[in-house]
Amino acid sequence: MVFTLGAFRAMEDLAHRWAKKSDIQVPGGIISSGLIMGNLGNDSLFSIALWGALRKEEPKLRLEEVDSIYEAFLERSGDRQDLVEVLLEAYARARNPRYLKTLQEREAAKAGTPDAPGPGEKPPGEDM
């Protein structure tokens, strides 16, 4: 999944139309992609975010088709949180790729994975 600048604009436009149709007042009148991504617990905003992330591969994808893709994913895996994490990672990668890489390196170091040896540890294969 990839978010592009065009996808962010399209998501924001769709979210504005959804808010107006749902008679939801948005403080300041501005819906940003960050607001959408920060509220993935709302099923409508979740669908908008998923739609935005899939637009690069399928620019003419309709929201109804996204809902079908989402439902099929849930039937196969049953874990909505997995999809939320993928969306958030794609968003972070689009907004600041360098920061995402740094964050992933820190997380790997915290977890003590073989990819990131702890203090005083040798990387895998170095003792040969």
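To start, this report covers the structure provided alongside it. Per chain, residues are indexed from 1 in the order of the written sequence. The predicted nature of this model means local features are confined to residues of pLDDT at least 70 and side-chain atom pairs, given and counted, to a pLDDT of 80 or more, with totals for whole chains, interfaces and linings taken over all residues. Hydrogens are left out, water is left out, and the side-chain values use all remaining heavy atoms of the structure.

Focus: the pattern of salt bridges
As a working rule, side chains carrying opposite charge can pair if their charged atoms are close by. Throughout this description, the term salt bridge denotes a Lys or Arg side-chain nitrogen within 4 Å of a carboxyl oxygen of Asp or Glu. If you walk through the whole model with that rule in mind, you get five salt bridges. Glutamate 64 serves as the salt-bridge partner of arginine 62, at 3.5 Å between the closest nitrogen and oxygen. Three labels apply to residues, based on accessible area from a 1.4 Å probe with only protein chains included: buried if under 20% of the type maximum, exposed if over 50%, partly exposed otherwise in between. Since its relative accessible area comes to 51%, glutamate 64 is described here as exposed.

Observations regarding the nonpolar core
In these notes, a set of buried Ala, Val, Leu, Ile, Met, Phe, Trp, Tyr and Cys residues joined through side-chain atoms within 4.5 Å is what counts as a nonpolar core. Core analysis: the largest hydrophobic core is formed by 28 residues, its most contacted members being Phe3, Met11, Ile36, Met37, Phe46, Leu50 and Leu87. Every element with two or more residues in this core is listed here: α1 (5–21), α2 (33–37), α3 (43–54), α4 (63–76) and α5 (80–95). The dominant element in this core, judged by the number of residues it contributes, is α3, at eight residues. Not counting residues within four places of it along the chain, the set of residues in contact with leucine 50 comprises Met1, Val66, Tyr70, Leu83 and Leu87. The numbering of helices and of strands both runs from the N terminus, where a helix is a DSSP run of H or I of at least 4 residues and a strand a run of E of at least 2. It only takes one pair of heavy atoms within 4.5 Å for two residues to be counted as in contact.

Details of the packing of aromatic side chains
Geometry of an aromatic ring pair is reported as the spacing of the ring centres plus the angle between the planes. Aromatic rings from Phe, Tyr and Trp, taking only the six-membered ring of Trp, are treated as a pair when their centres fall within 6.5 Å; an angle between ring planes under 30 degrees marks them as stacked, one over 60 as edge-to-face, and anything in between as tilted. With the rule as written, the count across this model stands at four aromatic pairs. Aromatic pair phenylalanine 8 and tyrosine 91: ring centres 5.6 Å apart, planes at 80 degrees, arrangement edge-to-face. Of this pair, phenylalanine 8 sits in helix α1 while tyrosine 91 sits in helix α5, placing them 83 residues apart in sequence. With relative accessibility at 4%, the residue phenylalanine 8 sits in the buried group.

A word on the side chain of serine 47
Among the structural elements, serine 47 can be located in helix α3. Setting aside residues no more than four positions away along its own chain, serine 47 makes contact with Leu63, Val66 and Asp67.

Section: α3
Compared with the 16 Å implied by 1.5 Å per residue over 12 residues, the 16 Å span of α3 between its first and last C-alpha is a close match. α3 sits mainly inside the fold: 10 of its 12 residues count as buried. Among the residues of α3, Leu45, Phe46, Ser47, Ile48, Ala49, Leu50, Trp51, Gly52, Ala53 and Leu54 are the ones counted as buried. Those residues of α3 that are buried lie in contact with α1, α2, α4 and α5. In this structure asparagine 42 caps α3, since a side-chain oxygen of it lies 2.8 Å from the backbone nitrogen of serine 44. To estimate how far a helix should reach, multiply one less than its number of residues by 1.5 Å. By the criterion applied in these results, polar contacts are pairs of N or O atoms within 3.5 Å in which, for protein atoms, one can donate a hydrogen and the other can accept it, and in which residues neighboring in sequence qualify only through two side-chain atoms.

With respect to α5
Its 16 residues place the ends of α5 23 Å apart at the C-alpha level, agreeing with the 22 Å of an ideal helix rising 1.5 Å per residue. Turning to α5, its buried residues number three or more, namely Leu83, Val84, Leu87, Ala90 and Tyr91. Along the axis of α5, the buried residues cluster in a sector spanning 130 degrees; they form a single face. On its buried face, α5 sits against α1, α2, α3 and α4. Two or three places before glutamine 81, at the start of α5, stands the capping residue aspartate 79, its side-chain oxygen 3.0 Å from that residue's backbone nitrogen. Comment: arc refers to directions from the helix axis out to C-beta atoms.

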